[in-house]
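Observations on chain architecture
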Amino acid sequence: MEIKITRAATLKEKPDSSTLVFGKAMTDHMFIVDYDEGQGWHDARIVPYGPLQIDPAAKVLHYGEEIFEGLKAYRAADGSIQLFRPRDNIDRMNKSAQRLCLPQIPEEIALAGITRLVEVEQDWVPREKDTSLYIRPFMIGLDAALGVHSSKHVQYIVVVCPVGAYYPEGLNPVKIFVEETDVRAVKGGMGMAKTGGNYAASLRAGDLAEKAGYSQVLWLDGVHRKYIEEVGSMNVMFKVAGKILTPDLNGSVLDGITRRSCIQLLKDWGYEVEERRVSADELFEAAANGTLEEAWGTGTAAVVSPIGELAMGDRKVTVSNNQIGEITQKLYDELTGIQWGRVADPHGWIMKL
Ligand SMILES: *Cc1c(COP(=O)(O)O)cnc(C)c1O
């Protein structure tokens, strides 16, 4: 598919790479491709970044007909630019699309939207250590009618922004609060889809946790209110008595690409990884008998995020002495090493631009 490029008349001043705030400094251009039922995907274009014209009755505004992805472009030491498992993101977007009755987008169109935009914006891929260009592809249903039906007119859009290290002071353990009132997703709902509605459902608990001095919440399953699902908007892993435990993909847990990559690396290193139901009680018992060795979240934005404290009601435990665990650090070093091209990529996860 041909992509028409219209360059911005004036370019923005690029922010200082040492003080980047996540998701604020959008670049000069964006990618858009339209879909209409009967016609398919058409009019792929890169245009100056700016507000979208959307009919106030568009379904996305009323019924949350939206899915998204998140990945990064990394600047390697030789100045070249590379992506990490971008096809996995597109594959996941198409799974999310199925759940929300949005159209499937061919991999080559979705990927070209990403790679061509990053090429146009290559000067925006920062060079400082731990910085990258965050890529946000999303798809929205745009039919202008208030009836509840899936849209026949849809857009796939990609925007990008330079981002700094997720934790500017380095990897620091965070305090986590087990959420017992709200749930983010239930089986049969949209938990396995990367869609805005799940985030809307998570805002209240996140706000309350923050007010209480915690960085994130640990989500429990919506049926039994017992089993761990995710931490904030990351997947979660625990090292208990030498083994790695992580919730299985039961329909309400998102199939994270960082999760998948960590499981592969852990297996490469000889660890036993159990993907299964893990109850909050099991964790607090492990903490009590000294076998809860490490806990961490996994996601593209932070890569891995060590958990130093877990609280549930009036129970509170410290994990790994509130220090970064050995495996947590090793996963961080290895994954970021592969992403920035500092270490070998035996699994073929890197796509060079
Ligand atoms: C995006 C996301 C993740 C992490 O997925 P990655 O592919 O590793 O970035 C985990 N949980 C939720 C709810 C997410 O939206």
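Residues numbered from 1 in each chain as written. Predicted model: local features only at pLDDT ≥ 70, side-chain atom pairs only at ≥ 80, totals over all residues. Heavy atoms only, no water.

**Describing the packing of helix α5 (residues 257-268) against helix α7 (residues 326-339)**
In the contact formed by α5 and α7, the axes pass within 11 Å of each other and the chain directions differ by 110°. Between α5 and α7, the angle is such that the two are roughly perpendicular. Contacts between α5 and α7 involve Thr258, Ser261, Cys262, Leu265 and Leu266 on the former and, on the latter, Ile327, Leu331, Glu334 and Leu335. Split by residue class, the contact of α5 with α7 holds 6 nonpolar, 2 polar and 1 charged. (Axes fitted to C-alpha atoms, helices over the stretch in contact; angles between N-to-C directions. Helix = DSSP H or I, 4+ residues; strand = E, 2+ residues; numbered from the N terminus. Parallel < 35°, antiparallel > 145°, perpendicular 65-115°, else oblique. Contact = heavy atoms within 4.5 Å. Nonpolar A, V, L, I, M, F, W, Y, C, P; charged D, E, K, R; others polar.)

**Describing the nonpolar core**
Of all hydrophobic cores here, the largest spans 36 residues; its most connected members are Phe31, Trp41, Ile114, Ile135 and Tyr156. Mapped onto this core, the elements with two or more residues apiece are β2 (29-36), β3 (40-48), β5 (71-75), β6 (81-84), α2 (86-99), α3 (107-120), β7 (132-141) and β8 (153-163). Considering every element that reaches this core, the biggest residue donor is α3, with 7 residues. Once residues within four sequence positions are removed from consideration, isoleucine 114 is found in contact with Leu71, Leu83, Ile90, Ile135, Pro137, Tyr156 and Val158. (Core = buried A, V, L, I, M, F, W, Y, C linked by side-chain atoms within 4.5 Å. Buried < 20%, exposed > 50% of the residue type's maximum accessible area, 1.4 Å probe, protein only.)

**A look at the side chain of threonine 115**
Tracing the chain through its elements places threonine 115 in helix α3. Discounting chain neighbours no more than four positions away, the residues touching threonine 115 are Leu83, Met351 and Leu353.

**Focus on the domain arrangement of the protein**
Domain assignment breaks the protein into domain 1 (4-163) and domain 2 (174-339). The gap between the C-alpha centroids of domain 1 and domain 2 is 27 Å. Domain 1 puts 21 residues into the contact, and the matching count from domain 2 is 21 residues. Summed over both partners, the interface of domain 1 with domain 2 comes to about 1,800 Å²; 56% of that surface belongs to carbon and sulfur atoms. Linking domain 1 to domain 2 there are 1 salt bridge. Between arginine 260 and aspartate 88 there is a salt bridge; the shortest N-O distance is 2.5 Å. Mapped by element, the contributors of at least two residues to the side of domain 1 that touches domain 2 are β4 (66-68), β5, β6 and α2. (Domains from an automatic or database assignment. Buried area = accessible area lost by both parts, 1.4 Å probe. Salt bridge = Lys/Arg side-chain N within 4 Å of Asp/Glu carboxyl O.)

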